[in-house]
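Listed here are the chains, written in short residue letters.
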Amino acid sequence: MSGLLQSIHCPACQHKKVVGYSEKLRTLHALGKLRRAKNPEPDLVQELFVTSLPQLSCSGCGSADLELRSQVVEEEDPEFWGEARRCEVCRETLMPERLEIFPDTVRCAACLSKPDPETEDDFCPSCGDRLTTRLAGGGLTRYRRSCPSCG
């Protein structure tokens, strides 16, 4: 197999995109190939991707004359980690090390220790008793949070 990471290069606009096994597999599925194969061999994916390259077009300029090149990537390169994921609270970029350990995380370490906005109002500011949700009427504001002690 000729390298797990490669780049698709457009000679027309100089746009390049780093692709690995999963991106190649996703592209082949979108082209209608390998639909039945659950875990195809990387060599098969590579060969099918190379033969399917003329069917792809550049996302930058739309040109169909794309080249597949070997990609030597440093681990510090942001393209190595794919598209940068941002924290859902503060919108800062999640550290690649954090994503490597916790691939499904959606918050940075700083925001993870903060309380959720939904849980901040769980207690009455006057007496500290837990708030309850009760039916207050009709319409959009049908439910209301209230303290059972204070009212």
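The structure this text deals with has already been given above.
Residues numbered from 1 in each chain as written. Predicted model: local features only at pLDDT ≥ 70, side-chain atom pairs only at ≥ 80, totals over all residues. Heavy atoms only, no water.

When you go through the protein chain residue by residue, the secondary structure sums to 5 helices and 5 strands. Counting helices and strands in the order they occur from the N terminus, the protein chain gives β-β-α-α-β-α-α-α-β-β. For the protein chain, with 151 residues in total, the buried portion stands at 26%. Long-range contacts, defined here as pairs at least 24 residues apart, represent 29% of the contacts in the protein chain between residues at least 6 apart. Roughly 10,900 Å² of accessible area belongs to the protein chain as shown, and the carbon and sulfur atoms make up 51% of that amount. (Helix = DSSP H or I, 4+ residues; strand = E, 2+ residues; numbered from the N terminus. Buried < 20%, exposed > 50% of the residue type's maximum accessible area, 1.4 Å probe, protein only. Contact = heavy atoms within 4.5 Å. Areas by Shrake-Rupley, 256 points an atom, 1.4 Å probe, with all protein chains shown as cover.)

To continue, consider helix α1 (residues 21–30). Regarding α1, the residues found buried are Glu 23, Lys 24, Leu 25, Thr 27 and Leu 28. On the buried face of α1, the contacting elements are β1 (6–9), β2 (16–19) and α2 (42–52). Just downstream of α1, Gly 32 is the residue with a positive phi angle, here 90 degrees.

Quick look at the nonpolar core now. Core analysis: the largest hydrophobic core is formed by 8 residues, namely Ile 8, Cys 10, Val 19, Phe 49, Leu 53, Leu 56, Cys 58 and Leu 66. Counting 5 residues, the second largest nonpolar core, distinct from the first, contains Cys 87, Leu 94, Leu 99 and Cys 108. (Core = buried A, V, L, I, M, F, W, Y, C linked by side-chain atoms within 4.5 Å.)

This part is about the packing of α1 against α2. Interhelical geometry of α1 versus α2 gives an angle of 55 degrees and a closest axis separation of 10 Å. The pairing of α1 with α2 is recorded here as oblique in orientation. Every pair of crossing elements has a handedness; the one defined by α1 and α2 is left-handed. Contact residues: Tyr 21, Lys 24, Leu 25, Thr 27 and Leu 28 in α1; Pro 42, Val 45, Gln 46, Leu 48, Phe 49 and Ser 52 in α2. (Axes fitted to C-alpha atoms, helices over the stretch in contact; angles between N-to-C directions. Parallel < 35°, antiparallel > 145°, perpendicular 65-115°, else oblique. Left-handed = near helix turned anticlockwise from the far one by under 90°.)

Once that is clear, we can look at the sheet that holds strand β3 (residues 67–70). Pairing within the open sheet is antiparallel, and its 3 strands lie in the order β2-β1-β3. The sheet is open, and its two borders are formed by β2 and β3, each paired with just one other strand. Here the strands of the sheet are splayed against their neighbours by 30 degrees on average, with no regard to which way each runs. Across 4 bridges, β1 lies against β2 in antiparallel orientation. Within β2, the position partnered with Ile 8 by the bridge is Lys 17. Of the strands in this sheet, β1, β2 and β3 touch α2, which is tilted by about 140 degrees from β3. (Pairing = 2+ DSSP bridges.)

The quantities given are spatial measurements derived from coordinates; they are silent on function.
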